[in-house]
Amino acid sequence: MYDPVELLKRRYNRMTVFVTVTASITIFMCVFILLYGSENQVFPEWIYRLILDETLLMIFLSLASIIYFILNVADPDKIQRICDRQKIQMDKGYSDDTIGDFNEFVSYYDEIEKMIMTAFKDATVYTRKHFNTLNYLKDKKPLALASADALKSMDIISDTIWEQVGIVREYRNYVIHSSKQTVSRQMCDFARCVRDDLSEKLNEKNTDEQVGSPMNRNNQTVKKDS
């Protein structure tokens, strides 16, 4: 739910700014007309008429924007439509329209998420300072996403793998909350490749840590002495 909600929040923020600006301008123009109307003879009649016409236009625009904003907020299917639209856009990047297995795709993502969470838990045994990173991120992001960000900051996963995991995660969220829970065959294959690449990278990291651990170095020293 994180990705569609974030999109919706950004859209509502833009709409709120637009409504606030139009309403402020409208109020200012109304006050201006009340203070410097035609009866005060401050401006020529044609300027007053022009300002009056523009004020009426701004009033209409403000009311229309407020009504549009209310209708968007009250729409119960807004998130579902956003997910449908975003999913279609992501599917456009693939030439093959073959439908993949939804359960297979979800199982790949679940494995990816489990590996990320486990890797972060294991990594923090050696890097306690990154607990603070996770504590900061999890207040704004899902725990799995915050863990992936922390792993990237610790150079445990590369930027490329981090971006690929993000693509799979976003697609999964859009599919889960869309009106039709279907996945493309190519996205399913992509998720499998990301899982394999992530597993290989984490295994390499674990092997390097074991080789470079103090206990391992001590064992090597003992063997040399003997």
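Structure's up top.
Residues numbered from 1 in each chain as written. Predicted model: local features only at pLDDT ≥ 70, side-chain atom pairs only at ≥ 80, totals over all residues. Heavy atoms only, no water.

Observations regarding the overall build of the protein
Each helix and strand counted, the protein has 9 helices and 0 strands in total. Within the protein, the proportion of its 226 residues that are buried is 31%. Restricting the contact set of the protein to residue pairs at least 6 apart, pairs at least 24 apart contribute 77%. Split by element, the accessible area of the protein, about 14400 Å² in all, is 58% carbon and sulfur. (Helix = DSSP H or I, 4+ residues; strand = E, 2+ residues; numbered from the N terminus. Buried < 20%, exposed > 50% of the residue type's maximum accessible area, 1.4 Å probe, protein only. Contact = heavy atoms within 4.5 Å. Areas by Shrake-Rupley, 256 points an atom, 1.4 Å probe, with all protein chains shown as cover.)

Side note on the environment of Val168
Structurally, Val168 can be placed in helix α7 (residues 159-176). A relative accessible area of 0% means that Val168 is categorised as buried. The spacing of Val168 and Val106 is 62 residues in sequence and 9.6 Å in space, taken between C-alpha atoms. If near-sequence neighbours (up to four positions away) are discounted, Val168 is found in contact with Phe105, Tyr109, Ile112, Phe190, Ala191 and Val194.

Points about the packing of helix α6 (residues 143-153) against α7
Viewed as axis vectors pointing N to C, α6 and α7 meet at an angle of 170°, and their least axial separation amounts to 10 Å. What the angle tells us is that α6 and α7 run roughly antiparallel. Touching Leu145, Ala148, Asp149 and Lys152 of α6 are Asp159, Trp162 and Arg169, all from α7. Considered class by class, the residues forming the contact of α6 with α7 number 3 nonpolar, no polar and 4 charged. (Axes fitted to C-alpha atoms, helices over the stretch in contact; angles between N-to-C directions. Parallel < 35°, antiparallel > 145°, perpendicular 65-115°, else oblique. Nonpolar A, V, L, I, M, F, W, Y, C, P; charged D, E, K, R; others polar.)

Considering α7
When the terminal C-alpha atoms of α7 are compared, their 26 Å separation across 18 residues agrees well with the 26 Å that a helix rising 1.5 Å per residue should span. Listed as buried for α7 are Ile161, Val165, Gly166, Val168, Arg169, Tyr171, Asn173, Tyr174 and Val175. (Expected span 1.5 Å × (residues − 1).)

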